[in-house]
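What the coordinates show
Spelled out, the chains give:
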Amino acid sequence: MLRVEVSKQLGEFSIEASFASEGRVTGLFGASGAGKTSLINMIAGLLRPDRGSIAIDTETLDDTANRVHVPAHRRRIGYVFQDARLFPHLDVRQNLDYGRRMNRLADDPAQRAHVTDLLDIGGLLDRRPGQLSGGERQRVALGRALLAQPRLLLLDEPLGSLDEERKEEILPYLMRLRDEANVPMVYVSHDAGEMRQLATQVVILKRGRVIAFGGGEILPLAASPA
Amino acid sequence: MLELSPTEWTAIQLSLRVAAVATLVATPLGIAIAWLLARRDFWGKAVVDALIHLPLVLPPVATGYLLLLTFGRRGLVGAWLADHLGIVFAFRWTGAALACGIMSFPLLVRPIRLSIEAVDRRLEQAAGTLGAAPWRVFATVTLPLALPGVLAGMVLGFAKAIGEFGATITFVSNIPGETQTISSAIYSLIQTPDGDTAALRLVAVSVVIAMAALVASEWFARRALRRLHGN
């Protein structure tokens, strides 16, 4: 259960959003500039809300009234960025292993094999991020986030920087992830088609406000963003 | 004609030791300050920045004199260090290293600061979401990515320390075997009748050391770049 109730002023733009979701995949849907990324940055702990609270299950991550702010590195929330952000000085194997090392988790070859199989990245382990295609980079970023064993996975338009063909390549992996990885996800996108395929619950954002919450049926039928 | 005399050898060895110690001690401090200036906003940041650059614009003889007043036997800090810790800088090679470290500090810090500023902060954020505490983000992402700048700063600082003259001779004088570096040895030789050939020999040595430092920095930088971009 993810509960968010935050407000944040960012220059001229303000976010005032509250929702609670129990879904396996909570979709954050809205046009660019609706405040989707700022909102998940707050969930990740990268951005501090001016007022409000964020909690997962019974654990409070942010509560401005009681001056609670758990820093990003202690939240155990995975984040797959639109631009992958793989570490350029490490190879794929070291990138995948990074979260495990930082969280001081025991080495788990079975888990690693499972994730590399799930994402089909076993053949890339010795490469550097600079030698990967956009789709491969995004799959490695997914694997890296998963192997840190997060309790929640945030995905910020993970297909946003890919062309149509590559999107079709990655989408099945995301669906497999939803069905097999057993980690709740928050999926950000402005693409209604993607949302319909992936999200189990949808939050529609417009200019920093939640305007609708429900199942996939609340998404606009046309492919155009809200 | 090409044979180096024992005094010249001593000056060369001393210069190398002074510059190496100055650079090695100044580097961790330089990295810390470069990181603060690149990544943090704090009260008095402009003053810290100016203070670090001061030796670059102040006459070296003035810096040397200030060092003498502060770290000399009767200086405020110097007396305390000598009485309590037994550390003496005045007229010792350690004082030469201190003078060289301070004089070369701005040149050491600048490339490190620039290379830390150039590290993509979004990578640091990504490391945070993967569970890395701030100091581990620094150790595993920021510092490795800024390494070319760190090496460039070290080489630049070392080269400056080797050539330092004004502050060193003012602070610790020109004692053969203790504080007479290549620079002060050349200075003494030029003042001596028939010292020209010896002075020229030391000039040649300076050129060789400077060239070697530049080639080494180029090599390090290229290696680091290759590491960064795969291939």
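Each remark here, short or long, concerns the structure printed above.
One structure accompanies this document, and this report is about it. The structure presented is a predicted model; accordingly, all values stated were derived computationally and were not measured.

**So, the overall build of chain A**
What chain A contains, in helices and strands, is six helices and 11 strands. The C-alpha atoms of chain A give 17 Å as radius of gyration, which agrees with the globular expectation for 226 residues (17 Å, within 12%). Expressed along its principal axes, the backbone C-alpha trace of chain A runs to roughly 45 × 45 × 30 Å. Looking at chain A alone, contacts between residues at least 24 apart form 71% of all its contacts between residues at least 6 apart.

**Description of the nonpolar core**
Membership of the largest hydrophobic core comes to 120 residues, with the highest contact counts inside it found for A:Ile43, A:Leu154 and B:Ala99. A per-element tally of this core places helix α7 (residues 134–163) of chain B first, with 16 residues. Among residues more than four places away in sequence, those in contact with A:Leu154 are A:Ile40, A:Ile43, A:Ala44, A:Ile77, A:Gly78, A:Tyr79, A:Val80 and A:Val186.

**Remarks on the pairing of strand β3 (residues 25–29) of chain A**
Every other side chain in a regular strand lies on the same face of the sheet, so the side chains alternate between the two faces. Residues and elements named next belong to chain A. Counting buried residues in β3 gives five out of five residues, a clear majority hidden from the surface. The pairing of β3 with strand β10 (residues 201–206) spans four bridges and is parallel. From the neighbouring strand, Phe-29 faces β10, where its bridge partner is Ile-204.

**As for the interface of chain A and chain B**
On the side of chain B, 18 residues touch chain A, which itself brings 23 residues to the contact. If you list the elements that add at least two residues to the side of chain A that touches chain B, you get β7 (77–80) and α2 (92–102) of chain A. Along the lines of polarity and charge, the residues of the side of chain A that touches chain B split into 12 nonpolar, seven polar and four charged.

About the cut-offs
- Residues numbered from 1 in each chain as written.
- Chains lettered and ligands numbered in written order.
- Predicted model: local features only at pLDDT ≥ 70, side-chain atom pairs only at ≥ 80, totals over all residues.
- Helix = DSSP H or I, 4+ residues; strand = E, 2+ residues; numbered from the N terminus.
- Rg over C-alpha atoms; globule rule 2.2 N^0.38 Å.
- Contact = placed C-beta atoms within 7 Å.
- Core = buried A, V, L, I, M, F, W, Y, C linked by C-beta atoms within 7 Å.
- Buried ≥ 20, exposed ≤ 12 C-beta atoms within 10 Å, placed from the backbone.
- Pairing = 2+ DSSP bridges.
- Nonpolar A, V, L, I, M, F, W, Y, C, P; charged D, E, K, R; others polar.

Purely geometric numbers; function is a separate question.
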